[in-house]
Amino acid sequence: MGNTSSMLTQYDIEEVQQHCNNAFSQQEIVSLYQRFCQLDRNGGGFISADEFLSVPEFAVNPLSQRLLRMLDGLNFKEFVAFLSAFSPRATLQHKIEFIFKVYDSDGNGRVTFNDMLDVLHDLTGQFISEQQREQVLTHVLEEAGYTKESLLVMADFVKILGSSGLKMEVEVPVD
């Protein structure tokens, strides 16, 4: 699996499937492997940030720079694990953990008001002012029982998003 010029064996497919908690079928894993090989232009078995940016849908995503910090240098197994959060078969817990990592950009296990404000800025750009972003975020936090000074941890994200009917899915085309 390290060398993208090799083919996946049945063992490799099952190992990757287990690693991503069966979020993808074996056929989807084969399709993801083909896409991984296309992205891995130098054939080194890892995808760089520049290679990820070659995907137009990724390059225009307002969170692409945040996601790149999570993505740069992934091998195939890690690539599938990353994408598994977007599978319809992923658990709500898995999706929330992924979202938490996007907000927790320094990886310290805590999300501050400024961390959330940064993500909101990435998402809204110049469409709303900094003052409007702060007002919206303050209001949302207060409705959830938090303040601007609160440091949110994973359990807080589970509490807030756990009953939200969260949908974040992509379809993996199967040849």
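For clarity, every value in this text was computed on a predicted model and none was experimentally measured. (Residues numbered from 1 in each chain as written. Predicted model: local features only at pLDDT ≥ 70, side-chain atom pairs only at ≥ 80, totals over all residues. Heavy atoms only, no water.)

(A) A look at the overall build of the chain. The number of helices and strands found in the chain is ten helices and zero strands. In sequence order, the chain lays out its α and β elements as α-α-α-α-α-α-α-α-α-α. Overall, the C-alpha framework of the chain stretches about 50 × 30 × 30 Å when taken along its three principal axes. For the chain, contacts bridging at least 24 residues in sequence account for 60% of all contacts bridging at least 6. Seen as two clouds, the 13 positive and the 25 negative side-chain charges of the chain have centres 3 Å apart. (Helix = DSSP H or I, 4+ residues; strand = E, 2+ residues; numbered from the N terminus. Contact = heavy atoms within 4.5 Å. Lys, Arg positive; Asp, Glu negative; His and termini not counted. Charge placed at Lys NZ, Arg CZ, Asp CG, Glu CD.)

(B) Structural detail: the layout of surface pockets. Approximately 320 Å³ is the volume found for the second largest pocket. In this structure, the second largest pocket is lined by 15 residues; those nearest its centre are Y103, M116, L137, V140 and I160. Those elements giving two or more residues to the lining of the second largest pocket turn out to be α7 (92-103), α8 (113-124), α9 (130-143) and α10 (154-161). If one sorts the elements of the lining of the second largest pocket by residue count, α9 sits on top with four residues. For the lining of the second largest pocket, the per-class residue count stands at 15 nonpolar, no polar and no charged. (1 Å grid on protein atoms, 1.4 Å probe; cavity = no way out; pocket = protein on both sides within 12 Å on 5 of 7 lines; lining within 4 Å. Points joined across faces, edges and corners; volume = space filled by probe spheres on them. Nonpolar A, V, L, I, M, F, W, Y, C, P; charged D, E, K, R; others polar.)

(C) Representation of the packing of helix α1 (residues 10-19) against helix α2 (residues 26-39) in the model. Where α1 meets α2, the axes come as close as 10 Å, and the angle between the chain directions of the two elements is 100 degrees. As far as their axial angle goes, α2 and α1 are roughly perpendicular. Here Q10, I13, E14, V16 and Q17 of α1 come into contact with α2, specifically with Q26, I29 and V30. Its residues assigned to classes, the contact of α1 with α2 shows four nonpolar, three polar and one charged. (Axes fitted to C-alpha atoms, helices over the stretch in contact; angles between N-to-C directions. Parallel < 35°, antiparallel > 145°, perpendicular 65-115°, else oblique.)

(D) Layout of the state of the cysteines. All told, the structure shown has zero disulfides when counted by the stated rule. Unpaired in this structure, C20 has its nearest cysteine sulfur neighbour in C37, at a distance of 16 Å. Overall, C37 belongs to the partly exposed group, its relative accessible area being 22%. (Disulfide = S-S within 2.5 Å. Buried < 20%, exposed > 50% of the residue type's maximum accessible area, 1.4 Å probe, protein only.)

(E) Structural view of the packing of aromatic side chains. Scanning the entire structure with this criterion turns up eleven aromatic pairs. Centre to centre, the rings of F100 and F157 are 5.0 Å apart; their planes meet at 90 degrees, and the pair counts as edge-to-face. With F100 in helix α7 and F157 in helix α10, the pair connects residues that are 57 residues apart, well separated along the chain. Each of the two residues, F100 as well as F157, counts as buried. (Phe/Tyr/Trp six-rings, centres within 6.5 Å; stacked < 30°, edge-to-face > 60°.)

(F) Region of the structure containing helix α5 (residues 64-71). S64, R66, L67, L68 and L71 are the residues of α5 that are buried. Contact partners of the buried residues in α5: α3 (49-53), α4 (56-59), α6 (76-83), α7 and α8. Once α5 finishes, G73 follows within two positions and takes phi at roughly 85 degrees, a positive value.

(G) Spatial organisation of the pattern of salt bridges. Enumeration according to the criterion identifies four salt bridges in this entry. Among the salt bridges present, the one from E15 reaches K77, with a minimum N-O distance of 2.7 Å. With E15 in helix α1 and K77 in helix α6, this pair connects stretches of sequence that are 62 residues apart. Residue class for E15 comes out partly exposed when judged on its relative accessible area of 24%. We note a salt bridge from E130 to R133, for which the minimum N-O separation is 3.0 Å. Of the two residues, E130 and R133 are both situated in helix α9; the distance of three residues between them amounts to about one turn of the helix. (Salt bridge = Lys/Arg side-chain N within 4 Å of Asp/Glu carboxyl O.)

In short, the description is geometric, and any link to function would need to be established separately.
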